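Per-entry structural report
Here are the chains, one letter per residue:
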Amino acid sequence: MNAAPRDDEAFADDPDGELPEEAEAPAAEDAPAAEDLHSEEASEWADEQAESDVTDDEYADEADEEYAYEPDEEYAGEHDDDEHEHEHEHEHEHEHEHEHEQEQEQEHDDDEQELHEFAEADPDTTSADEAAGQAEAAAEAEAAGEDGDFDEPVADDAADEAADEGSAEDASGAGQAAPVPAVERAAGLARILPAGQTIDLFPDPARSLLGDAVRFVADALQEQLPALLVQPAANSELQRSLVAQLTERTFGETAVLTAAADLAVEWAIAAARVYGSGQKYKIITFVGDDHGRTLAGLAAGGEPQRQSGLGPLVAGFSHCPLGNAAAVAEAIDEETAAILLQPLQAGDGLRAADTALLVRLRQLADEHGLLLIFDESQLPVGLSGRFSYALNEHTQPDMLVLGQGLAAGLPLGAVVLSTSLASSLPSHPALVTPPLSPVVAAAAMATLQCLDQRGLLDQAAVTGEAWGEDLNKLAEDFEFVRQARGRGLLRSLELDIPAEPLQRVLAEQGIRVGTAGPQHLRMQPALDVDAAALEQSVQILHTLFQTIEREPALG
């Protein structure tokens, strides 16, 4: 803009060189019309104006030169030092004020930029116009706060109120999904069970699943222990009796005993490869299966999280979706030796292979000369109401792997072989097992006797059926409970929420449960569990689930 002529009287009233508000520069006379702003004439006019424009500081300097006070030389000499000192202080104050104005302008620009970015990132909470209005309110509040009129800025409160209103609208708006159940709402619930009382729905696998009936095993061991430790012949006879008891309850004529359940799985895998004479070594397994913690078992299991960090795995395993017999048929080739299946996936929500799938797998194995292996080493013996979970009149595998609960909590594994396989399986060093501890063998024999004498299998079937009906009602009553699964006393609940936080809340209530995957509760109480305790556990679960599913208060 062109500088306006300066009035002497105005300057006399304003010795610092500042113009009164009414002293404005006149508008350019030859400015182009608004509709010609993009014309060539407008561009030339803008260039002329830019060359003739001066800033307010330049204008002030010109005015100072024109109207500067010129004292006589004698007076100037006497006051020269004072004038220089005064000018220095004035310049310093002017620079400080200029820097302060620049800082305020920069902070204002930054605030506006942040508010616009926030409005663009979350348009449902605050629009760009609202953000600009809040910035202006914040500036006014800050200025008022400096004068002592306000204690706190108002922009943050306005933003908080807008966010709260937006959250309330999101939670109550039409068509919005229901609030996610929050386990934390049940964490502070008063304990329902009396102090000191607990309901153990997931005993430690290292303990016996016989419950109080384990005293029967303890008494038997105490009576036999001296002879077992000093008479090797007695140990051999004991192991032969144990094998006979296992085949009587399952099938076949022989079984192999190992020092742990995982070693039994390893033995079955080695036997399948030996049976294939080295030409057939591949084994088809299923996603979600758990075949133990040996390297071969981890490679066979379809759980990538357990395989990571191990480097190259044992080769030869392919994984099919559970229930997809067509995928199994497609995976079979001339190098396939066996099909390895966990009939009830202990680590993945107790998903079960139905009878139709087991029958079809038996057919595929027979058609292609493969072995069919059922791995029940992770399923407690007898807890389903039957000694073996998958055995039925329609399907018989070539090998059945047993383990958990077989010897009252002591480590033991067993592989039951069909008669045809036992007679045709070649010998191999990998199939030689070390002698079994006589104490473990005696514990297993006592466990089998306890199951028979106390009728624990029938009790598990009857009690578990009633319990399963109550668990099914939980799935009907609560949306976040997807499904109840299992058989007998071996049960699980599939949830829409993480299982571990709920597991901790139940522990605070005195109820111990396990997990079978990230969103599954697993329950497997002792075989002699009281039906009243199971009914009480369902009532407590119902109370907790009501607290969890209750919608949070809005406001």
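All figures in this text were calculated on a predicted structure; none of them were measured in a lab. (Residues numbered from 1 in each chain as written. Predicted model: local features only at pLDDT ≥ 70, side-chain atom pairs only at ≥ 80, totals over all residues. Heavy atoms only, no water.)

Inspection of the secondary structure puts Thr 294 in the loop between β3 (282-286) and α11 (295-300). By relative accessible area, which is 17% here, Thr 294 ends up buried. In the structure, Thr 294 is positioned 29 residues away from Val 265 in sequence and 8.7 Å away in space, judged by C-alpha atoms. Among residues more than four places away in sequence, those in contact with Thr 294 are Asp 262 and Glu 266. (Helix = DSSP H or I, 4+ residues; strand = E, 2+ residues; numbered from the N terminus. Buried < 20%, exposed > 50% of the residue type's maximum accessible area, 1.4 Å probe, protein only. Contact = heavy atoms within 4.5 Å.)

Further remarks concern the nonpolar core. Ranked by size, the top nonpolar core spans 96 residues in total, and within it Leu 210, Leu 246, Leu 361, Phe 387, Leu 471, Leu 493 and Phe 545 carry the most contacts. Top contributing element to this core by residue count: helix α16 (residues 438-453), with ten residues. Not counting chain neighbours up to four residues away, the residues in contact with Leu 246 comprise Leu 257, Phe 387, Leu 402, Leu 406, Ala 414 and Leu 448. The next biggest cluster of nonpolar side chains, apart from the first, holds 26 residues, and it includes Ile 283, Leu 371, Met 399 and Val 401. (Core = buried A, V, L, I, M, F, W, Y, C linked by side-chain atoms within 4.5 Å.)

This brings us to the packing of helix α18 (residues 499-508) against helix α19 (residues 531-549). Taken N-terminus to C-terminus, the directions of α18 and α19 make an angle of 125 degrees; their axes are 12 Å apart at the nearest point. Compared by their axis directions, α18 and α19 come out oblique. α18 and α19 meet at a crossing whose hand is right-handed. On the side of α18, the interface is formed by Leu 502, Val 505 and Leu 506, while α19 contributes Leu 541, Leu 544, Phe 545 and Ile 548. A breakdown of the residues in the contact of α18 with α19 according to their chemical character gives seven nonpolar, no polar and no charged. (Axes fitted to C-alpha atoms, helices over the stretch in contact; angles between N-to-C directions. Parallel < 35°, antiparallel > 145°, perpendicular 65-115°, else oblique. Left-handed = near helix turned anticlockwise from the far one by under 90°. Nonpolar A, V, L, I, M, F, W, Y, C, P; charged D, E, K, R; others polar.)

The subject of this paragraph is the sheet that holds strand β4 (residues 317-320). The sheet built from seven strands is open, its strands ordered β2-β10-β9-β8-β5-β3-β4 with mixed pairing. Of all strands in the sheet, those with a lone pairing partner are β2 (254-258) and β4, marking the two edges. On average, adjacent strands in this sheet sit at an angle of 20 degrees to one another, irrespective of strand direction. With four bridges joining them, β3 and β4 adopt parallel strand pairing. Residue pairing for β4: Thr 285 is matched across the bridge by His 319. In the packing of helix α9 (residues 232-249) onto the sheet, contacts are made with β2, β9 (399-402) and β10 (413-417), and the angle to β2 comes to roughly 120 degrees. The sheet strands contacting helix α14 (residues 355-368) are β3, β5 (336-341) and β8 (371-375), and the helix crosses β8 at an angle near 145 degrees. (Pairing = 2+ DSSP bridges.)

Despite not being glycine, Leu 350 has its phi angle at roughly 55 degrees, a positive value. On the secondary structure map, Leu 350 appears in the loop between β6 (344-345) and β7 (351-352). Since its relative accessible area comes to 1%, Leu 350 is described here as buried. Unlike most non-glycine residues, Ala 408 shows phi in positive territory, near 55 degrees. The exposure class of Ala 408 is buried, given its relative accessible area of 14%.

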